[in-house]
Amino acid sequence: MKVNQAEFVISAVRPSQYPTDALPEIALAGRSNVGKSSLINRLIHRKNLARASSKPGKTQTINFYRINDQLHFADMPGYGFAKVSKSIRAAWGRMVEGYLINRRELTGVILVVDLRHPPSQDDQAMYDWLKYHRIPVIVAATKGDKISRGRWPKHMKEVRETLNMDHSDPLVLFSAQTGQGKNELWSEIRRLTQI
């Protein structure tokens, strides 16, 4: 997909702050430092519209980006490494869960995992939760450039098996560095958003 326009809309912590223009939304979920911001930037051909933080867990809001006036990306707080109190983590959990369950504009979630390692227990829990709530999911296995091409099939199989993925759910090998998987991911996004 050709992206002519991409803009940051808002960092939101409550539903009253979410965009009101009724565009379809794709949320991005994944553990802290898995590369969600880099994935967004590669998809929209921008160096740093989505800010990648050097401190894992820094994103504590849902960051909305409007793409071509056709859809929003909703970048959710990362899970896993965040060095924050249990009460803040619980508040994030409530915010994310409320968004995922109640947001009518949400058409699907890209679950971002690191291809180099088996999906974590948090990744597995997120995938199972999305399936339980019947939220369409695309799994994007990032950092494909960090391992040799010959090992891709083994690692992709490991992702699919560890998550116990439904065969109808797409698994896209992605690299923010090389652009590997960008067109495939866009075609899955368009399928879910009907844009």
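Under the annotation held in an unreviewed UniProt entry, the chain carries the name Probable GTP-binding protein EngB and is attributed to Kroppenstedtia pulmonis. Recorded under Sequence similarities (unreviewed entry), the UniProt text for the chain is reproduced unchanged: "Belongs to the TRAFAC class TrmE-Era-EngA-EngB-Septin-like GTPase superfamily. EngB GTPase family."

A separate point is the pattern of salt bridges. Overall, the coordinates contain 12 salt bridges when judged by the stated rule. Asp-114 is the partner of Arg-116 in a salt bridge, and the nearest nitrogen-oxygen pair spans 2.8 Å. In this structure Asp-114 comes out as buried when scored by relative accessible area, which is 4%. A salt bridge links Glu-161 to Lys-157; the shortest N-O distance between them is 3.2 Å. Here Glu-161 pairs with Lys-157, and both are found in helix 4 (residues 152–162), just 4 residues apart, close to one helical turn. For the pair Glu-161 and Lys-157, one class covers both residues: exposed. Linked by salt bridges that have partners in common, Glu-7, Asp-21 and Arg-66 make up one network.

On the basis of which strands lie adjacent, the open sheet formed by 7 strands has the order 1-3-4-2-5-6-7 and mixed pairing. The outermost strands of the open sheet, each flanked by one partner alone, are strand 1 (6–12) and strand 7 (171–173). In this sheet, adjacent strand axes meet at a mean angle of 25° when their direction is disregarded. Pairing analysis gives 6 bridges linking strand 2 (residues 25–30) to strand 5 (residues 106–114), with the strands arranged parallel. Directly across from Ile-26, in strand 5, lies its bridge partner Gly-108. Packing against the sheet, helix 3 (residues 121–132) makes contact with strand 2, strand 5 and strand 6 (137–142), and its axis sits at approximately 160° to strand 5.

Let's shift gears to the pairing of strand 6. Burial analysis of strand 6 places 6 of its 6 residues in the buried class, which makes it a mostly covered element. Covered by surrounding structure in strand 6 are Val-137, Val-139 and Ala-141 together with Ile-138, Ala-140 and Thr-142, the residues of both alternating faces. The pairing of strand 5 with strand 6 spans 6 bridges and is classified as parallel. Looking at the pairing, Val-113 lines up with Ala-141 of strand 6. Remark: the strand 5/helix 3/strand 6 crossover connection has right-handed handedness. Of the pairings in the sheet, the one linking strand 6 to strand 7 comprises 3 bridges and is parallel in character. Residue pairing across strands places Val-139 opposite Leu-171, the latter belonging to strand 7. In the classification by handedness, the crossover that spans strand 6, the intervening helix 4 and the parallel strand 7 is right-handed.

About the criteria used
Residues numbered from 1 in each chain as written. Predicted model: local features only at pLDDT ≥ 70, side-chain atom pairs only at ≥ 80, totals over all residues. Heavy atoms only, no water. UniProt positions renumbered as here; feature names shortened; annotations may be inferred. Salt bridge = Lys/Arg side-chain N within 4 Å of Asp/Glu carboxyl O. Buried < 20%, exposed > 50% of the residue type's maximum accessible area, 1.4 Å probe, protein only. Helix = DSSP H or I, 4+ residues; strand = E, 2+ residues; numbered from the N terminus. Pairing = 2+ DSSP bridges. Axes fitted to C-alpha atoms, helices over the stretch in contact; angles between N-to-C directions. Contact = heavy atoms within 4.5 Å. Right-handed = clockwise from strand over helix to strand, strands pointing away.

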